[in-house]
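# Observations on chain architecture
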Amino acid sequence: GPDAAPTFGPQARRHTRPVDIGGVTVGGGAPVVVQSMTNTDTADIDGTVKQVAQLWRAGSELVRLTVNTAEAAAAVPRIRDKLAMMNAPVPLIGDFHYNGHQLLAGEPACAEALAKYRINPGNVGFGKKRDSQFATLIEFAIKYGKPVRIGANWGSLDQALATRLMDENHERAVPWEAGRVLREALIRSALDSAGRAVELGLPPERIVLSAKVSGVQELIAVYRELARRGDHALHLGLTEAGIGSKGIVASSAALAVLMQEGIGDTIRISLTPEPGQSRTNEVVVAQELLQTMGLRAFTPMVTACPGCGRTTSTFFQELAQKVQEHVRARMPEWKVTHPGAENLTLAVMGCVVNGPGESRHANIGISLPGTGEAPSAPVFEDGEKTVTLRGERIADEFVGLIDSYVERHYGG
Ligand code: SF4
């Protein structure tokens, strides 16, 4: 009935404690932050600087790099300085496994240069050494005033904890299925480690949690539990998502469900780059996911029809692509000179069936002539037909109209 609760749009964000990561706030209701990770050898300073700068320019607001050797740890402060000189001052996150306690002890400048430490509670050490090595990592975070991400992962689950939970499970009147025990072990690993860090003196507003798995339904189940059981800021990501469209679809499916429920304060889309494909693709996908869900706006979005037998050529597909590439290329400059331009909506449509209608819903839309239509392309601005383009230069003229619209609506 008319009094029913509104059901449109994402649910309110879950309350989490805001965490400051080198000036970028994650959690506490701040916009969902996009992050990514390099795949260069961190000891290769120039190669890493180049990739971090590319990721940052593509829109990655935080960049993580692996810190796995003494050489990598020594490179970190130099990478940070070079990025600052290039005017790409992105906060760097150090990804530590197995030997983080030694690397931070051996390279204080690295401990200082990083904006956050990622600690994997499943591999900080084994047996008797585990607790003391975890404590050492947390003590460094306290000493240098840094936040940490306690990042549990399905692929490197704390084996002692998993075994203990298996044993407990056998004693249950109605034992859980095996998957549930493993999910519980993953959740418990993250939550217990966070509790331990707080006991050691790390303020809870310096802790981000993650518990990544590679299955969509498992990830949704795990993060619903993490959100229910605490108020730490959450880092979302489907681990080992995969190659090409599979990785994109799986990540989007899992993260969209969670974000729709208000869960998640920062996201990373883990894609295996296809040969020749840029690492920045994962940043573009993360931004598009947030923008298509209406959570954030980064760059004008193009609505385009898929084309069908009513279109005579691929001209309109090329136009749609050209328009998307144009606005994406202009956006870094517009961000400074024409703030708000990221909210612009565009439509490129193939024929009269849905063309004029869809074009009227966009800020600027064009409806190209399909088979049998007059060779003219009406342009609509905010619902009104403004001009009709014809001939060879339709693409250039339409792009010019976009620039002039941005100038008029977001300039000065
Ligand atoms: Fe086909 Fe026209 Fe629909 Fe595009 S708008 S898919 S060309 S019918």
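Residues numbered from 1 in each chain as written. Predicted model: local features only at pLDDT ≥ 70, side-chain atom pairs only at ≥ 80, totals over all residues. Heavy atoms only, no water.

## Some thoughts on the overall build of the protein chain
On a plain count of helices and strands, the protein chain comes out with 13 helices and 15 strands. Along the first, second and third principal axes, the C-alpha atoms of the protein chain reach 80 × 55 × 40 Å. Burial status across the protein chain gives 51% buried among its 412 residues. Total accessible area on the protein chain stands at roughly 18600 Å², and carbon and sulfur atoms take up 53% of it. Averaging the locations of the 42 positively and 45 negatively charged side chains of the protein chain gives two centres separated by 3 Å. (Helix = DSSP H or I, 4+ residues; strand = E, 2+ residues; numbered from the N terminus. Buried < 20%, exposed > 50% of the residue type's maximum accessible area, 1.4 Å probe, protein only. Areas by Shrake-Rupley, 256 points an atom, 1.4 Å probe, with all protein chains shown as cover. Lys, Arg positive; Asp, Glu negative; His and termini not counted. Charge placed at Lys NZ, Arg CZ, Asp CG, Glu CD.)

## What to know about the site of the ligand
In the vicinity of the ligand, the contacting residues are Cys 305, Pro 306, Gly 307, Cys 308, Arg 310, Thr 311, Met 349, Gly 350, Cys 351, Val 353 and Asn 354. In the shell around the ligand, the residues fall into six nonpolar, four polar and one charged. (Near = heavy atom within 4 Å. Nonpolar A, V, L, I, M, F, W, Y, C, P; charged D, E, K, R; others polar.)

## Thoughts on the environment of Ala 160
One can find Ala 160 in helix α6 (residues 159-170). For the pair Ala 160 and Gly 122, spaced 38 residues apart in sequence, the C-alpha separation works out to 9.2 Å.

## Topic: the confidence of the model for the protein chain
The share of residues in the protein chain with pLDDT of 70 or more is 98%, and the mean pLDDT across the chain is 94. Predicted as a complex, the structure gets a pTM of 0.93 and an ipTM equal to 0.99. (pLDDT = per-residue confidence, 0-100.)

## Re the UniProt feature "binding site: [4Fe-4S] cluster" (unreviewed entry) in the protein chain
Those residues carrying the UniProt feature "binding site: [4Fe-4S] cluster" (unreviewed entry) are Cys 305, Cys 308, Cys 351 and Glu 358 in this numbering. Tracing the backbone shows Cys 305 in the loop between β11 (301-304) and α11 (315-337). If we ignore the near neighbours within four places in the chain, the residues touching Cys 305 are Phe 316, Val 348, Met 349 and Gly 350. If you trace the backbone, Cys 308 turns up in the loop between β11 and α11. (UniProt positions renumbered as here; feature names shortened; annotations may be inferred. Contact = heavy atoms within 4.5 Å.)

## Notes on the packing of α11 against helix α13 (residues 394-410)
Running from N to C, α11 and α13 cross one another at 30°; their axes reach a closest spacing of 10 Å. In terms of orientation, α11 lies roughly parallel with respect to α13. Crossing of α11 against α13: the hand is right-handed. Contacts between α11 and α13 pair Phe 315, Leu 319, Lys 322, Val 323, His 326, Val 327, Arg 330, Trp 334 and Thr 337 from the former with Ile 394, Ala 395, Asp 396, Phe 398, Val 399, Ile 402, Asp 403, Val 406 and Tyr 410 from the latter. When the residues that make up the contact of α11 with α13 are grouped by side-chain class, the tally is 12 nonpolar, two polar and four charged. (Axes fitted to C-alpha atoms, helices over the stretch in contact; angles between N-to-C directions. Parallel < 35°, antiparallel > 145°, perpendicular 65-115°, else oblique. Left-handed = near helix turned anticlockwise from the far one by under 90°.)

## Thoughts on the packing of aromatic side chains
Enumeration according to the criterion identifies two aromatic pairs in this entry. Relative to Tyr 117, the ring of Phe 96 has its centre 6.0 Å away and its plane inclined at 90°; by these criteria the two rings are edge-to-face. Of the two residues, Phe 96 sits in strand β5 (residues 92-96) while Tyr 117 sits in strand β6 (residues 116-119), which places them 21 residues apart along the sequence. Assessed through its relative accessible area of 2%, Phe 96 is described here as buried. The buried category is assigned to Tyr 117, whose relative accessible area is 0%. A ring pair is formed by Phe 140 and Tyr 144, whose centres lie 6.3 Å apart and whose planes are at 20°; its orientation type is stacked. Pair noted here: Phe 140 and Tyr 144 are both in helix α5 (residues 129-144), with a separation of four residues, about one helical turn. Here the guanidinium or amino end of Arg 172 rests over the ring plane of Trp 176, the centre of that ring lying 3.8 Å away. The ring of Trp 176 has Arg 180 lying over it, and the distance from NZ or CZ to the ring centre is 3.9 Å. (Phe/Tyr/Trp six-rings, centres within 6.5 Å; stacked < 30°, edge-to-face > 60°. Lys NZ or Arg CZ within 6 Å of the ring centre and 35° of its normal.)

## As for the environment of Phe 140
For Phe 140, a relative accessible area of 12% gives the class buried. Between the C-alpha atom of Phe 140 and that of Gln 102, which follows or precedes it by 38 residues, the distance is 11 Å. Sequence-distant contacts of Phe 140, defined by excluding residues within four places in its chain, comprise His 101, Leu 104, Ala 105 and Tyr 117.

## Some words on unusual backbone geometry
In this model, Asn 87 sits at a positive phi of 60°, which is unusual for a non-glycine residue. The topology assignment puts Asn 87 in the loop between α2 (70-85) and β5. Look at Asn 87 and you get exposed, because its relative accessible area is 60%. The residue Glu 240 is not glycine, and still its phi comes out positive at about 50°. Mapped onto the secondary structure, Glu 240 falls in the loop between β9 (233-236) and α9 (244-260). Residue classification places Glu 240 among the exposed positions, given a relative accessible area of 55%.

## Re the pattern of salt bridges
A full pass over the atoms with the stated rule returns 26 salt bridges. The partner of Arg 130 in a salt bridge is Asp 131, with the nearest N and O atoms 3.5 Å apart. The salt bridge partner of Arg 330 is Asp 403, with a shortest N-O separation of 3.1 Å. With Arg 330 in helix α11 and Asp 403 in helix α13, the pair connects residues that are 73 residues apart, well separated along the chain. Taking the relative accessible area as the measure of exposure, Arg 330 reaches 23% and is therefore partly exposed. Since its relative accessible area comes to 22%, Asp 403 is described here as partly exposed. When salt bridges that share partners are traced, they join Glu 184, Arg 188, Glu 225, Arg 228 and Arg 229 into one network. (Salt bridge = Lys/Arg side-chain N within 4 Å of Asp/Glu carboxyl O.)

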